[in-house]
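Spelled out from the first residue to the last, the chains are:
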Amino acid sequence: MGLLHDRRSHAPRLRSRRIAIFALRLFWVISTIWCEFGVFFYSLVHCRWPDKVLQLQLTSATKPTRVLLIADAQVPNPAVAGSSWLGEDTVTSYLRKSWSVAYRLHPDIVIFLGDTLSAGRYVRSKEEYDSYYRRFESIFRHGSETTFYFIPGNTDIGLGQSPSFSKDASQFFAEYFGPLNQAITIAGHKFVLIDAPKLVEEDYQRHAHGQTFEEWTPLSGGPIAFLRSTAKTLANVESVILLSHIPLSRPASKSCGPFREKGSISAGAGHGYQNMLGKQTTEFMLKTLQPSAIFSGDNRDYCEVLHTIPGLDGPDVKAEVREVTVKSFSPSRHIRWPGFQLISLIPPIPGSSSGPTIADTSCHLPDTVGIYKRIYLPSLVLTAIVLLYINMPLRSYHRRLSPVSGRRPPGPESAIWSTWSPHLQRFLKSPTDPLPMNPSTTDHATSRSGTPRTSPLLSPIALFSPQDEIEDLMSPTHNTRNDHEDNRGSSWVTKDEGEYLDNVPVFLPQPRYSRLRRNGWWSWRAPFGSRGRRRYITIRIPQWGNRLTPGGQSLLFGTPELLWGFVCDVASIALPALISRLIFGWMFSSV
């Protein structure tokens, strides 16, 4: 009977537990695939090339040239970057997935606006730099149809003097990534790529000598000499686009537009960095190049401002140029959504002003911090609550049944259906005494609902011989348990009945029950009366004890505990999610 009772009480719990574990596994597999990979594709659902702005200029034979701008890629140095337990640091993994979805936009040209390497200025050996460059190539894989261009940033070649900076950083960058200063033509537009860190250093030297830009003799091969030589070739160029890693000077109170997450760009400098170019340097560049558009990086957040070109503004007309500071491509604590910039170009028509020939738009990448706060953290808490609930100890209170326990007799699953009732003691003085011929007519009110009147055991048949009864009464194992909860304190059984009940043989097999510790700091017990009976109320702190399983068998090593079961469930839920993440990560890295 005990085994059957356990099966009935535990089977629904085990079935619901299996369903809960399976649901959690499925949930975490889907959540991991979505949060680690799916959000990157979803973030670019509305990211499109701004070709529609150029529709007035497009003809059937004209196809826009598409340029992708990436600022602050910040590729970690594999020699010093730590790796996560998944085998790759989080920044590298984020860059790899971001580039995988961005490259699906099929750009014709990709230009990196500086800070391509997070620690390029610290590399002193060519072997380490070669390994560093291979890491960059493994992340930003591309076909021959796409061309890469680079401008240096302060983390690539350094800014200022410091013993920690490598003296060969600029040479390594020029050897692996290209010239520090260069001018290229894309779809009839002149792109001027300037070495902003070296421009700041030369500006410091000019200012130390107290000379203006007109008085200053440029350093050989420096950015100022490059700007002056490039300006001489721009006489017949319709459109000039300036690319600088460091943003141009502007008032600190100037707004960056509605697409910036917070604050604005203010002047500031420190060890190896400077937030903006100097005011005189900005005026010199605008006057020399007279650009039609400016793109910069370094600030990590998006910013859009208008600059006035000196020398071209009059009393009635003011010549302005728009500067866009591109969002960081790598995750940063300063922003929630990294991003990049898309530019569509068509060749300008000389002497025509019928419409724009350049259009750009910003695209955002997933918010990793928000993913952890809004998805992972609540999911972890919910999963922990569910696992704690299904692993809580299942306590079963099974009463020791006897013919005189005063409780409801066992159900049909019992091997013997007891016919004994305490109310029959007025007729019977011993179990071997014959039953009355019609007990129901003698005292119909005393008939118990659990005692069938048609039971064959109601016949006056002696179950034991008088000799067996005497031997059984003398057996010490015959007496009922005095430590049973129902026998403690006051009882509804009278004194005369109690004397006789102590001598009643037990006809039924004793079912299993769970013994709980009655004394201890974790329990509190108080008696109270109800319906003429004395009852007890017990309040216990949940114990981290054993969990019962069908048949009383333990799940692990004979003594399963809540903590061990919780850990095993966590592992069984996390393993499928981890495997799916590794598979999808391998697919992204192999593209």
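Relevant structure appears above.
Now for a quick tour of the structure. Since this is a predicted model, take the numbers as computed values, not measurements. (Residues numbered from 1 in each chain as written. Predicted model: local features only at pLDDT ≥ 70, side-chain atom pairs only at ≥ 80, totals over all residues. Heavy atoms only, no water.)

**Observations regarding the packing of aromatic side chains**
Following the criterion strictly, the structure yields 29 aromatic pairs and no others. For the ring pair F40 and Y94, a centre distance of 5.2 Å and an interplane angle of 65° mean the geometry is edge-to-face. Taken together, the residues span a long stretch of sequence, with F40 in helix 1 (residues 2-43) and Y94 in helix 2 (residues 90-102) at a distance of 54 residues. Exposure class is identical for F40 and Y94. Each is buried. Ring geometry for F112 versus F136: centroids 5.5 Å apart, planes at 70°, classification edge-to-face. (Phe/Tyr/Trp six-rings, centres within 6.5 Å; stacked < 30°, edge-to-face > 60°. Helix = DSSP H or I, 4+ residues; strand = E, 2+ residues; numbered from the N terminus. Buried < 20%, exposed > 50% of the residue type's maximum accessible area, 1.4 Å probe, protein only.)

**Some thoughts on the sheet that holds strand 3 (residues 147-150)**
The 5 strands lie next to each other as 3-2-1-12-13, forming an open sheet whose pairing is mixed. On the outer flanks of this sheet lie strand 3 and strand 13 (358-364), each paired with one strand and no other. For this sheet the average axis-to-axis angle between neighbouring strands, irrespective of direction, equals 20°. Alignment of strand 1 (residues 65-70) against strand 12 (residues 339-345), held across 5 bridges, turns out to be antiparallel. (Pairing = 2+ DSSP bridges. Axes fitted to C-alpha atoms, helices over the stretch in contact; angles between N-to-C directions.)

**Structural notes on the pairing of strand 10 (residues 303-308)**
Along strand 10, the buried face is formed by C303, V305 and H307; none of E304, L306 and T308, which line the opposite face, is buried. One ladder, built from 6 bridges, connects strand 10 with strand 11 (residues 320-325); its direction is antiparallel. Within strand 11, the position partnered with L306 by the bridge is R322.

**Section: the nonpolar core**
Ranked by size, the top nonpolar core spans 50 residues in total, and within it I70, V75, W99, F136, F140, F177 and F340 carry the most contacts. At 6 residues, the largest contribution of residues to this core is made by helix 1. Those residues in contact with F340 that sit more than four places away from it in its chain are L44, C47, L68, L69, A102, L105, V326, F329, T361, S362, C363 and L365. If you look at the next biggest cluster of nonpolar residues, it comprises 25 residues, including I194, I246, L277 and L289. (Core = buried A, V, L, I, M, F, W, Y, C linked by side-chain atoms within 4.5 Å. Contact = heavy atoms within 4.5 Å.)

**A word on the side chain of S249**
The residue S249 is located in the loop between strand 6 (240-244) and strand 7 (269-270) in this model. Residue class for S249 comes out buried when judged on its relative accessible area of 19%. Each residue touching S249, except ones within four places of it in the same chain, is listed here: M276, L277, G278, K279, T282 and H307.

**Digging into a nonpolar patch on the surface**
A cluster of nonpolar side chains, contributed by L575, I579, I583, W586 and M587, occupies part of the molecular surface with about 520 Å² of accessible area. Relative to the helices and strands, M587 resides in helix 13 (residues 562-589). (Patch = residues over 30% accessible without salt bridge, like charges linked within 9 Å, V, L, I, M, F, W, Y side chains within 5 Å. Areas by Shrake-Rupley, 256 points an atom, 1.4 Å probe, with all protein chains shown as cover. Salt bridge = Lys/Arg side-chain N within 4 Å of Asp/Glu carboxyl O.)

**So, the side chain of D51**
Checked against the element boundaries, D51 lands in the loop between helix 1 and strand 1. Among the residues examined, D51 registers a relative accessible area of 12% and is labelled buried. Polar side-chain contacts of D51 include one of 2.6 Å to the side chain of R66. A polar side-chain atom of D51 sits 2.6 Å from a polar atom in the side chain of S344. (Polar contact = N/O pair within 3.5 Å; in protein donor to acceptor, adjacent residues only side chain to side chain.)

**Quick notes on unusual backbone geometry**
Trans peptide bonds make up most of the peptide bonds, and negative phi angles are found at most residues other than glycine. Positive phi, close to 55°, is recorded for D72, a residue that is not glycine. With respect to the secondary-structure elements, D72 resides in the loop between strand 1 and helix 2. Positive phi is not limited to glycine here, since A187 has a value of about 55°. Structurally, the position occupied by A187 is in the loop between strand 4 (182-186) and strand 5 (189-193).

**Thoughts on the pairing of strand 2 (residues 109-112)**
Neither face of strand 2 is left uncovered, since the one carrying I109 and I111 and the one carrying V110 and F112 both have all their residues buried. Note that strand 1 and strand 2 share 4 bridges and pair parallel. In the strand pairing of strand 2, L68 is matched with V110. Taken together, the 4 bridges between strand 2 and strand 3 define a ladder with parallel strand orientation. Paired with F112 across the strands is F150, a residue of strand 3.

**Side note on helix 7 (residues 223-231)**
Count 3.6 residues to each turn of an α-helix, and residues three or four apart come out pointing the same way. Among the residues making up helix 7, those that are buried are P223, I224, F226, L227 and T230. All buried residues of helix 7 fall inside an arc of 160° around its axis, so they share one side. Buried-residue contacts for helix 7 involve strand 4, strand 5, helix 6 (196-208) and helix 8 (279-289). (Arc of directions from axis to C-beta.)

**Considering the state of the cysteines**
Counted under the stated rule, the structure contains 2 disulfides. Disulfide pairing is shown between C256 and C303; the S-S distance is 2.1 Å. Looking along the S-S bond of the C256-C303 disulfide, the torsion reads about -75°, which is the left-handed sense. Here C256, found in the loop between strand 6 and strand 7, pairs with C303, found in strand 10; they are 47 residues apart in sequence, far enough to count as distant. Here the chain pairs its bonded cysteines, counted in sequence order, in the arrangement 1-4, 2-3. (Disulfide = S-S within 2.5 Å.)

**Focus: the sheet that holds strand 4**
Strand order in the open sheet formed by 6 strands is 4-5-6-9-11-10, and the pairing between neighbours is mixed. In this open sheet, the two strands that pair with only one neighbour each are strand 4 and strand 10. Taking the axes of each pair of neighbouring strands and ignoring which way they run, one obtains an average angle of 20° across the sheet. The sheet contact formed by strand 9 (residues 293-296) and strand 11 spans 3 bridges and is parallel. The residue bridging I294 from the neighbouring strand is E323, located in strand 11. On the sheet, helix 7 packs against strand 4 and strand 5 and is oriented at approximately 165° with respect to strand 5.

**Description of the pattern of salt bridges**
Applying the stated criterion across every chain, the model contains 15 salt bridges. The salt bridge partner of D203 is R206, with a shortest N-O separation of 2.8 Å. Placement of the pair is D203 and R206 together in helix 6, with a separation of 3 residues, close to one helical turn. A relative accessible area of 3% means that R206 is categorised as buried. A salt bridge links K327 to D301, with the shortest nitrogen-to-oxygen separation between them at 3.3 Å. A residue pair is termed long-range when its members are at least 10 positions apart, and K327 in the loop between strand 11 and strand 12 and D301 in the loop between strand 9 and strand 10 qualify at 26 residues. Like D301, K327 is buried.

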